[in-house]
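# Descriptive structure summary
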Amino acid sequence: MAILSQTLFPVTATPPSSLFSLNRFSRSHHHFAYFSSSSSSPTEKLRATAWRFAFATRAKSVATMAANEEFTGNLKRQLAKLFDVSLKLTVPDEPSVEPLVAASALGKFGDYQCNNAMGLWSIIKGKGTQFKGPPAVGQALVKSLPTSEMVESCSVAGPGFINVVLSAKWMAKSIENMLINGVDTWAPTLSVKRAVVDFSSPNIAKEMHVGHLRSTIIGDTLARMLEYSNVEVLRRNHVGDWGTQFGMLIEYLFEKFPDTDSVTETAIGDLQVFYKASKHKFDLDEDFKEKAQQAVVRLQGGDPVYRKAWAKICDISRTEFAKVYQRLRVELEEKGESFYNPYIAKVIEELNSKGLVEESEGARVIFLEGFDIPLMVVKSDGGFNYASTDLTALWYRLNEEKAEWIIYVTDVGQQQHFNMFFKAARKAGWLPDNDKTYPRVNHVGFGLVLGEDGKRFRTRATDVVRLVDLLDEAKTRSKLALIERGKDKEWTPEELDQTAEAVGYGAVKYADLKNNRLTNYTFSFDQMLNDKGNTAVYLLYAHARICSIIRKSGKDIDELKKTGKLALDHADERALGLHLLRFAETVEEACTNLLPSVLCEYLYNLSEHYTRFYSNCQVNGSPEETSRLLLCEATAIVMRKCFHLLGITPVYKI
């Protein structure tokens, strides 16, 4: 080959660098097409063969180097890189074909599958291809696959499915590296850099109830997963702190407390009761109603007395909200409706200048194709509404905060509102027509919380359940269960209280998150606090048991991480190791599809894999003790990261 190279590629005719760049393959392919044409001379054909050989050798060596780099995350993506090279070598005329790599569902024939062969065959079969069918395409893809330490073997089954078996040695080494360098090295990499997650968003002067539970819990988990994926997340609490209801609240405050400076949270008492009393008077008393309407005008006009009263009511509400956020360990930055108020007129004018805003029955609206009703942006009395505020908030987030992905977490009942104002934003040119292209917006809808009677979850008085009461009840029940097991005699009062809180609050969160968010779910303390089945209690106890096994070994686990070696020789060791290595792609899937339930399913399956491993593989006192303790520690680390992403505090003893 050296002689051939000297003949065809003299020093003065060096092959272009594009030939050796995988990213610019299509350019180098023109050389292949040219030299292999039917009119080519024997010398040209020989030269074409050499070019192909040079490219293939270079491409495979580059890919091999990439494949043998230290594993730092997504198994599926790493395999896709290998098959991408194989595709470009096998079918150079189809550079746009993307590798289709998926985890094998059953795992009987392999760990992953590449499913390109059938699709490729349908593309190339009428183009004079050398291949005789999908199985032949599959065989060619395997033959062109770059050598990699991560792949043990590949085989073609049925109509061209390529089954990939990973190397147990490589898997063990990858887990060892995580133990040394930390689980953050497994964080997925998303294409977005900054996102807004708009969640919780209660209304001022109203109690947070179980209806806000799902938005707060789901939104927090989405924010945590994105943050873990190295996305800068702006956690926004879009509270309802502006609007006509504040007129009646302020007037009622003036009536009850003429000296508003001295008003305290204690004096007002239950905000929900205060709100209902003011609403009752507003509905029955015409004089009061007129005063309330005038109060709105004064408030929106900037009257300092009315602004001060409004601020007092907002502060009292925030104190109540903080009690819930503290219990749930949720962090938010408030930017309520009032924050965007100064920008609304400018945004409406921009929409108007683009010819989007029209007059209709005294109001100003945007007509949208596919909707029976227009989107009202200015009411007939000249006031603004939800749509004007939401459009302005979106404009601000895109232009001022430079967010690439804006995620709204509310109940499914608001789906049409979001569809309409998203469409208006696209019509204005703020968003691309393709809803998968950045900057992008998503409405993360969720179903209702039901009582065990199948109806909306309420108290006996038919009021919605206060969230603070709900969380305190979960903690109380959790503590009673621990006392029944005698833990009050084994632990300090602080340990008992902390564990009861972690288990109680964690149970409420997990019971919500494990369900597909679009469905309704039944709230049941008995089910969520059960220590068997797919519950937070079971998972937290499983983690505590792993920690106990490591403690009982008497070994310094941090020292073992540095000096010990991990092996995945037993089938159950290998299955557990493989599941651990699928963590990054699971988090990426949960982020991409905005489905926390995907992560919950992964966590529960992880505990099941661990149970099988521990049942069949002795840890302490076995010849494989060091390796298996490392596998226990890796499992505990990944479980803790799952708990963190779900907003659940782990427990270390039971």
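These numbers were taken from a predicted model, which means no experiment stands behind them. (Residues numbered from 1 in each chain as written. Predicted model: local features only at pLDDT ≥ 70, side-chain atom pairs only at ≥ 80, totals over all residues. Heavy atoms only, no water.)

## Some words on the overall build of the protein
Check the secondary structure of the protein and you find 27 helices and 14 strands. Per-residue burial over the protein gives 51% buried out of 654 residues. The long-range fraction of contacts in the protein, counting pairs at least 24 apart against all pairs at least 6 apart in sequence, stands at 72%. For the protein, the exposed area adds up to about 30,600 Å²; of that, 51% sits on carbon and sulfur atoms. (Helix = DSSP H or I, 4+ residues; strand = E, 2+ residues; numbered from the N terminus. Buried < 20%, exposed > 50% of the residue type's maximum accessible area, 1.4 Å probe, protein only. Contact = heavy atoms within 4.5 Å. Areas by Shrake-Rupley, 256 points an atom, 1.4 Å probe, with all protein chains shown as cover.)

## Looking at the nonpolar core
If you look at the biggest cluster of nonpolar residues, it comprises 160 residues, and the most contacted ones within it are Trp186, Leu226, Phe523, Phe583 and Val638. Counting residues per element, this core draws most heavily on helix 27 (residues 625-645), which supplies 12 residues. Not counting chain neighbours up to four residues away, the residues in contact with Phe523 comprise Leu213, Val449, Leu450, Glu452, Phe457, Leu470, Val508 and Met528. Counting residues in hydrophobic clusters, the runner-up holds 34 residues, among them Ile366, Leu368, Ala403 and Phe422. (Core = buried A, V, L, I, M, F, W, Y, C linked by side-chain atoms within 4.5 Å.)

## Some details on the pattern of salt bridges
Going through the model one piece at a time under the given rule, you end up with 41 salt bridges. Between Arg327 and Asp472 there is a salt bridge, with the nearest N and O atoms lying 2.8 Å from each other. In this pair, Arg327 sits in helix 13 (residues 304-328) while Asp472 sits in helix 18 (residues 467-484), placing the two residues 145 residues apart along the sequence. Across the pair Lys561 and Asp558 runs a salt bridge whose closest N-O atoms are separated by 3.6 Å. Of this pair, Lys561 and Asp558 both sit in helix 23 (residues 557-563), three residues apart, which is roughly one turn of the helix. By relative accessible area, which is 45% here, Asp558 ends up partly exposed. (Salt bridge = Lys/Arg side-chain N within 4 Å of Asp/Glu carboxyl O.)

## Overview of the sheet that holds strand 10 (residues 375-378)
Spatial ordering of the open sheet is given by 8-9-10, a layout of three strands whose pairing is antiparallel. Strands at the two margins of the open sheet, each flanked by one partner only, are strand 8 (357-360) and strand 10. Here the average twist between neighbouring strands, direction ignored, is 45°. As defined by bridge partners, strand 8 adjoins strand 9 (residues 363-366) across four bridges and the pair is classed as antiparallel. Along strand 9, the bridge assignment pairs Val357 with Ile366. (Pairing = 2+ DSSP bridges. Axes fitted to C-alpha atoms, helices over the stretch in contact; angles between N-to-C directions.)

## Focus on helix 12 (residues 286-300)
Relative to the 21 Å expected for 15 residues at 1.5 Å per residue, helix 12 spans 21 Å between its end C-alpha atoms, a close match to the ideal helical length. Three or more residues of helix 12 are buried, namely Phe288, Ala292, Ala295, Val296 and Leu299. Across the axial projection of helix 12, the buried residues extend over an arc of 105°, all falling on one side. Opposite its buried face, helix 12 presents the exposed residues Glu286, Asp287 and Val297, each directed more than 90 degrees away. Among the structural elements, helix 9 (245-256), helix 11 (271-284) and helix 13 are those in contact with the buried residues of helix 12. (Expected span 1.5 Å × (residues − 1). Arc of directions from axis to C-beta.)

## Concerning the sheet that holds strand 4 (residues 161-166)
A sheet is described by the order of its strands in space; here four strands give the open sequence 1-2-4-3, paired in antiparallel fashion. Each having just a single partner strand, strand 1 (101-103) and strand 3 (151-157) make up the two edges of the open sheet. Recorded for the sheet is a direction-independent mean angle of 25° between the axes of neighbouring strands. Pairing of strand 3 with strand 4 involves six bridges; the strand directions are antiparallel. Opposite Ala157, over in strand 4, you have Phe161 as the bridge partner.

## Section: the environment of Ala425
Along the chain, Ala425 turns up in helix 17 (residues 415-427). Separated by 16 residues in the primary sequence, Ala425 and Val441 place their C-alpha atoms 10.0 Å from one another. With near-sequence residues (within four places) excluded, Ala425 lies in contact with Leu391, Leu394, Trp430 and Leu431.

Scope: geometric values only; no functional claims are made or implied.
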